[in-house]
Amino acid sequence: MSHSSTPKGVDFSPVKINFTYKGEDLSTWNDNNEGKSHFWNVISCVLPPLETYVIKAVSDVLHTIEDEKLLYEARMFCRQESAHAHTHDELNRMLLAKYPSLEKFEKVDYFLLKFLSKCLSKKVFIGVFVFVEHLTAVLGHRGLERPERWFDKADPALFDMWQWHALEEVAHKSVCYDVHKALNGGYFSRFIGFVIGFFLLLLPGIFARCIYLGFRSPNKLRFFGQLLSHLVGKDGVFRVILKDFFEYFKFTYQPWDLDSRKLLNDYHAESQDDGQEGLQTQFIIKGIK
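Owing to the predicted nature of the structure, the values given are computational and were not obtained by experimental measurement.

Scoring rules and cut-offs
Residues numbered from 1 in each chain as written. Predicted model: local features only at pLDDT ≥ 70, side-chain atom pairs only at ≥ 80, totals over all residues. Heavy atoms only, no water. Axes fitted to C-alpha atoms, helices over the stretch in contact; angles between N-to-C directions. Helix = DSSP H or I, 4+ residues; strand = E, 2+ residues; numbered from the N terminus. Parallel < 35°, antiparallel > 145°, perpendicular 65-115°, else oblique. Left-handed = near helix turned anticlockwise from the far one by under 90°. Contact = heavy atoms within 4.5 Å. Buried < 20%, exposed > 50% of the residue type's maximum accessible area, 1.4 Å probe, protein only. Lys, Arg positive; Asp, Glu negative; His and termini not counted. Salt bridge = Lys/Arg side-chain N within 4 Å of Asp/Glu carboxyl O. Polar contact = N/O pair within 3.5 Å; in protein donor to acceptor, adjacent residues only side chain to side chain. 1 Å grid on protein atoms, 1.4 Å probe; cavity = no way out; pocket = protein on both sides within 12 Å on 5 of 7 lines; lining within 4 Å. Points joined across faces, edges and corners; volume = space filled by probe spheres on them. Nonpolar A, V, L, I, M, F, W, Y, C, P; charged D, E, K, R; others polar.

Asker: Which residues make up the packing of helix α4 (residues 122–145) against helix α10 (residues 237–247), and what are the values?
Answerer: Helix packing for two helices is described by the angle between their axes and how far apart those axes are. Viewed as axis vectors pointing N to C, α4 and α10 meet at an angle of 125°, and their least axial separation amounts to 10 Å. Classified by the interaxial angle, the pair formed by α4 and α10 is oblique. The two elements α4 and α10 cross, and the hand of that crossing is right-handed. When α4 is examined against α10, the residues F131, H134, L135, V138, L139 and R142 are found in contact with a partner set consisting of V237, V240, I241, D244 and F245.

Asker: Mind laying out the side chain of E34, listing which residues take part and the relevant values?
Answerer: Examined against the element boundaries, E34 turns out to sit in helix α1 (residues 34–59). Despite its burial, E34 remains without a salt bridge, the nearest opposite charge being carried by R222 at 4.1 Å. Here S217 takes part through its side chain, which lies 2.8 Å from a polar atom of the side chain of E34. What E34 contacts, discounting residues up to four positions off in sequence, is S27, S217, P218, R222, F223 and Q226.

Asker: For empty space enclosed by the protein, give the residues involved together with the corresponding values.
Answerer: Under the definition given, this model contains four cavities of 30 Å³ or more. Along its surface, the largest cavity is lined by L47, L50, E51, V54, E81, F129, V132, E133, T136, H165 and E169. Of all the elements in the fold, those that place two or more residues in the lining of the largest cavity are α1, α4 and α6 (156–171). By residue class, the composition of the lining of the largest cavity is five nonpolar, two polar and four charged. Counted as a void, the second largest cavity has a volume near 50 Å³.

See the structure below:
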């Protein structure tokens, strides 16, 4: 019987949060930088289809999970992912007002995921999300570790949203891995999941949206220069997570090899000091033109 590998003391009961964005232009919310802003907008666009189908993937196998701790965590994981999907979907609706063609990319993602959910075994389909969760957890960990690296001078409301999402991704990062193991998944199905998730879903989805938004920019050269700098320049996203990315391919890989407990405890202590209490799950964005 497979057990939960989430360390003792890590709690990821769903946290509700209320966001209010009052800015006027989602293309400049991050440091008044179009490339940086749209990179994270693209990540937001990619997330809801993935989160919708990871909930389906995990929910479909809940009845096979015998370990009570893992069963509880899998249920909490689904609730968190549902809140994430809802939150990002609300943000993405605002993006669609200015960039309506983004909806076409979303429809492609949903079509591909629906197809994969029907044609792949449950073990391999969960394997897709073992990789996706690895990537989101690594991004979350490194983003929380030094938030000024990627979100310096970002709009406070949107920064809070990404911070909230990162904390939950980091805390529940081993759930898909553990569910995959409960299905007797091994290295092969996990690797096939990576190939499908990265090369069929994430890479083309992110690349196509970035190209689309770049060509919609009033200054295309500046946009692509800013985007490239944010990805591979000093403290660029790709450069920062590169080593962690390749940790996934170790035969001995385990999500908590990147130990995030101190990071989570520090953020929890900080929120207690600030007197933050339970939040409401809705994302209110006003004033978008």
